[in-house]
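# Summary of the model geometry
So the chains spell out like this:
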Amino acid sequence: MQAYCHSLTQYKRLKTREVRIGDLLLGNNHPIRLQTMTTTDTMDTLATVEQSIRCIEAGAELVRITAPSKKEAENLLHIKNELRKRGYNTPLVADIHFTPNAAEIAARIVEKVRVNPGNYVDKKKFELIEYTDADYAEEIERIQEKFTPLVRICKEHGTAMRIGTNHGSLSDRIMSRYGDTPMGMVESAMEFLRIARYESYHNIVLSMKASNPQVMVQAYRLLIQQMDAEFGECYPLHLGVTEAGDGEDGRVKSAAGIGTLLEDGIGDTVRVSLTEDPEFEIPVCRDLVKRYTAKERTTQHIPVIEKITYNPFNYQRRESFEVANIGGKQVPVVIADLSKAGKIAPATLERVGYSYDAVTDKWNISDTAADYIFTGDQLLDFALPGTLKVIVYPQIWKQAKDQEKYCPIDDINGYLNNPDRSKTLNFVMIDCYNDGTIPPAAQLQELAADKTVVLCLSSTNDHAMPSVRRMFVELQEQKIQNPVVLIVDSNWQTTDEHLIHYATEAGALLLDGFGDGVCFGMTGKSYEQAASVSSDTSGRNYVSNTSVEQFVNATAFSILQATRTRISKTEYISCPSCGRTLFDLQETTAKIRSVTNHLKGVKIAIMGCIVNGPGEMADADFGYVGSGVGKITLYKGKEVVKRNVESEVAVEELINILRENGAWVEPAS
Ligand code: SF4
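First things first, this report covers the structure right here in the doc. (Residues numbered from 1 in each chain as written. Predicted model: local features only at pLDDT ≥ 70, side-chain atom pairs only at ≥ 80, totals over all residues. Heavy atoms only, no water.)

A word on the sheet that holds strand β25 (residues 639–646). With mixed pairing, 5 strands are arranged side by side in an open sheet as β21-β22-β23-β24-β25. For this open sheet the edge positions go to β21 (571–574) and β25, each flanked by a neighbour on one side alone. For this sheet, the mean angle separating the axes of adjacent strands, direction not counted, is 20 degrees. In this sheet, β25 lies alongside strand β24 (residues 631–636) in antiparallel orientation, the contact comprising 5 bridges. The partner of Lys 631 across the bridge, within β25, is Glu 646. (Pairing = 2+ DSSP bridges. Helix = DSSP H or I, 4+ residues; strand = E, 2+ residues; numbered from the N terminus. Axes fitted to C-alpha atoms, helices over the stretch in contact; angles between N-to-C directions.)

Moving on, we get to the pattern of salt bridges. Side chains that carry opposite charge are capable of pairing whenever their charged atoms lie near each other. Within this structure, the stated rule accounts for 44 salt bridges. For the salt bridge of Asp 287 with Lys 290, the shortest nitrogen-to-oxygen distance reads 2.9 Å. Separated by 3 residues within a single helix, Asp 287 and Lys 290 lie in helix α9 (residues 281–290), roughly one turn from each other. Given a relative accessible area of 29%, Lys 290 falls into the partly exposed group. Residue Asp 381 is joined to Lys 343 by a salt bridge in which the shortest nitrogen-to-oxygen separation is 2.9 Å. With a gap of 38 residues between them, Asp 381 in the loop between β14 (372–376) and β15 (389–392) and Lys 343 in the loop between β11 (333–337) and β12 (354–357) connect regions that are remote in the sequence. Overall, Asp 381 belongs to the exposed group, its relative accessible area being 59%. What emerges from the salt-bridge pattern is a single network uniting Glu 50, Glu 82, Lys 85 and Arg 86. (Salt bridge = Lys/Arg side-chain N within 4 Å of Asp/Glu carboxyl O. Buried < 20%, exposed > 50% of the residue type's maximum accessible area, 1.4 Å probe, protein only.)

For the rest of this paragraph, the subject is the packing of aromatic side chains. All told, the structure shown has 15 aromatic pairs when counted by the stated rule. When the ring of Tyr 11 is compared with that of Tyr 292, the centres are 5.7 Å apart and the planes differ by 25 degrees; the resulting orientation is stacked. Pair noted here: Tyr 11 is in the segment before β1 (19–21) and Tyr 292 is in the loop between α9 and β11, with a separation of 281 residues, a long-range link. Residue classification places Tyr 292 among the buried positions, given a relative accessible area of 5%. (Phe/Tyr/Trp six-rings, centres within 6.5 Å; stacked < 30°, edge-to-face > 60°.)

Next up on the list: the packing of helix α17 (residues 585–596) against helix α19 (residues 647–660). Direction vectors running N to C along α17 and α19 enclose 40 degrees, while the axes themselves pass 11 Å from each other. One way to sum up the angle between α17 and α19 is to call them oblique. Along this stretch, α17 crosses α19, giving a crossing that reads as right-handed. Facing Lys 591, Ile 592, Val 595 and Thr 596 of α17, the residues of α19 in contact are Val 651, Leu 654, Ile 655 and Leu 658. Its residues assigned to classes, the contact of α17 with α19 comprises 6 nonpolar, 1 polar and 1 charged. (Parallel < 35°, antiparallel > 145°, perpendicular 65-115°, else oblique. Left-handed = near helix turned anticlockwise from the far one by under 90°. Contact = heavy atoms within 4.5 Å. Nonpolar A, V, L, I, M, F, W, Y, C, P; charged D, E, K, R; others polar.)

Further remarks concern the packing of helix α8 (residues 247–263) against helix α14 (residues 495–511). Angle between the axes and distance between the axes are the two parameters that describe a pair of packed helices. Between α8 and α14, the shortest axis-to-axis distance is 7 Å and the interhelical angle comes to 55 degrees. By the angle between their directions, the pair α8 and α14 is classed as oblique. Between α8 and α14 lies a crossing whose hand is right-handed. Note on element contacts: α14 touches α8 through Asp 496, Leu 499, Ile 500, Ala 503, Thr 504, Glu 505, Gly 507, Ala 508 and Leu 511, opposite Glu 248, Arg 251, Val 252, Ala 255, Ala 256, Gly 259, Thr 260 and Glu 263.

Negative charge collects at one region of the surface, where Asp 135, Glu 138, Glu 141 and Glu 145 lie side by side. Take Glu 145: it is sitting in helix α4 (residues 133–157). On the basis of relative accessible area, Glu 145 is assigned to the exposed category, the value being 62%. (Patch = residues over 30% accessible without salt bridge, like charges linked within 9 Å, V, L, I, M, F, W, Y side chains within 5 Å. Areas by Shrake-Rupley, 256 points an atom, 1.4 Å probe, with all protein chains shown as cover. Lys, Arg positive; Asp, Glu negative; His and termini not counted. Charge placed at Lys NZ, Arg CZ, Asp CG, Glu CD.)

In this section: the site of the ligand. Neighbouring the ligand are Cys 575, Ser 577, Cys 578, Arg 580, Thr 581, Gly 608, Cys 609, Asn 612 and Gly 613. Taken together, the residues of the shell around the ligand sort by class into 3 nonpolar, 5 polar and 1 charged. (Near = heavy atom within 4 Å.)

It is worth spelling out the sheet that holds strand β4 (residues 62–66) at this point. Within a sheet, neighbouring strands are paired by backbone hydrogen bonds and run either parallel or antiparallel to one another. Overall, parallel pairing links the 8 strands, which are arranged β8-β7-β6-β5-β4-β3-β10-β9 in an open sheet. In the strand order of this sheet, the two ends are held by β8 (204–209) and β9 (238–239), each with one partner.

Moving on: the side chain of Glu 505. Of note, Glu 505 is situated in helix α14. For Glu 505, a relative accessible area of 8% gives the class buried. Reaching out from Glu 505, the side chain makes a polar contact with the side chain of Arg 291 at a distance of 2.8 Å. In this structure Glu 505 touches Glu 263, Arg 291, Ala 464, Met 465 and Val 488, once residues within four positions along its chain are discounted. (Polar contact = N/O pair within 3.5 Å; in protein donor to acceptor, adjacent residues only side chain to side chain.)

And the structure:
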């Protein structure tokens, strides 16, 4: 074990215990299982059966169904019987919050139950209580008393269990002692796991979900370390980012969190939780997982990391000096690759956030405007907007009239052998461990001493992200502090594949504090395909009606936002909905998004039910939570501001609350 995984440089799945869920085996190197959760009312047997079938047909290997009370838990029997009658033997999972009696019924019916240790025994009051060690021990005894019956039922019936911690719903006890930290999440699960082990019950899967991928990744890593230290073994892990939202943002957030862990061989089952119909989650799960099927055969060598030079459990940005607006304390920059866009005119820049108004002769610059464009061998024949700069090859840069607006990019040998350099900003590309090697230390030190150099790191090694991460360790060991731009090219085909690729390869590094900028591109064939298709095979399409460049630029900003390294737009935390949801969550999310998507940096939660919603809103600034049929309760942080507002006027009321709290600005006309 290296810190929290088998190896930081060689892909290998983390060894976990084998768990049986009906006929499905999970963990212990079995394939990574795909799963989702129904959104229908559990009392509507037919609707739940039919939705489950759509999920199974899409590829779900486990289907979770909410059981908020005894009656829904009992109805799981009818759902299960109907599915089996129709020939579907996929294991079912009962989702439990607050109701041990429902769990004890469900555990006798379905193949697996999920309990949330934050609310299985505890009722959350958001109280900060001082616990003495004796009080704390008494609480643990109380948990043991309430949880042990379920463990014994599961053991007797061969039922599996997920101990599923959520960052947003930690108990008051855990919050009082650990705060809402990754360590608090780990301890919350460990309390339950110790009780299960005491009963010699091991058919257990664990999860550590959060809507913030940074917190989620750290919690899983800490949990592995803790299990290994305490038990000398690990239980299988269910990976997910909660309340990820919908569309592009939901996919990016999920991929940044889940993909980061999968890269290190962590994860035995995945659920991508999107505010969309559950069957649409499965192709995204599959796209995430299929990237690893051949990884263990990778032969390209990356040198072992002897000593980890950064903290994988606590975010800290790598120290770098500033070159122009890159590095130091500056937010990561976005470089848009326009080198395949043909002849660039002012209108071309609209794709990357700059729109030219010929009447006023002014540029409008959006919050997601690229900071630099890379044009390769093209100089532009019009005046550039604002602070935008253009990156070109060295021989082209020499021809530029304004050498401040243009900057050269070259590989390391080209740069070191070329006396013609910019006095302020030079980009130097390094392909990390392509053939198992990197440039010699003498060359790297020459760059380190050059305060105009920004490094552009990429890797053509099959195991690309760990190669670049290994290079960062090398830079830290050699005390090289030039800022670094992460270059990621995608040769995938569909929109979701590209999104997942960028979010995993760059997201994993950004979450560890690496990277002062990003530049995403597509290889020639992928670019041509993306530019020509009107939709991809999943029916999703960010490319047509826009352009490849617009899609890639938007994705870059979404990844920076998901990794919390640069906030450029409104953040939505919306639950995927389930049988508890009391309104059309997809439609409502779209409606709220349409009127608030100009509120940069404001975090708005849209949650389906009052039972779990407030607890799971995590660090949202404002909340819109279903509290009854046609009723919405509005929150500022965790505090109720308006209770049971009629849903017809709830969005308007939300805007009023935003206004009263200084978070509202009028949208540009
Ligand atoms: S918050 Fe959403 S997903 Fe969670 S229990 Fe409530 S309705 Fe279901």
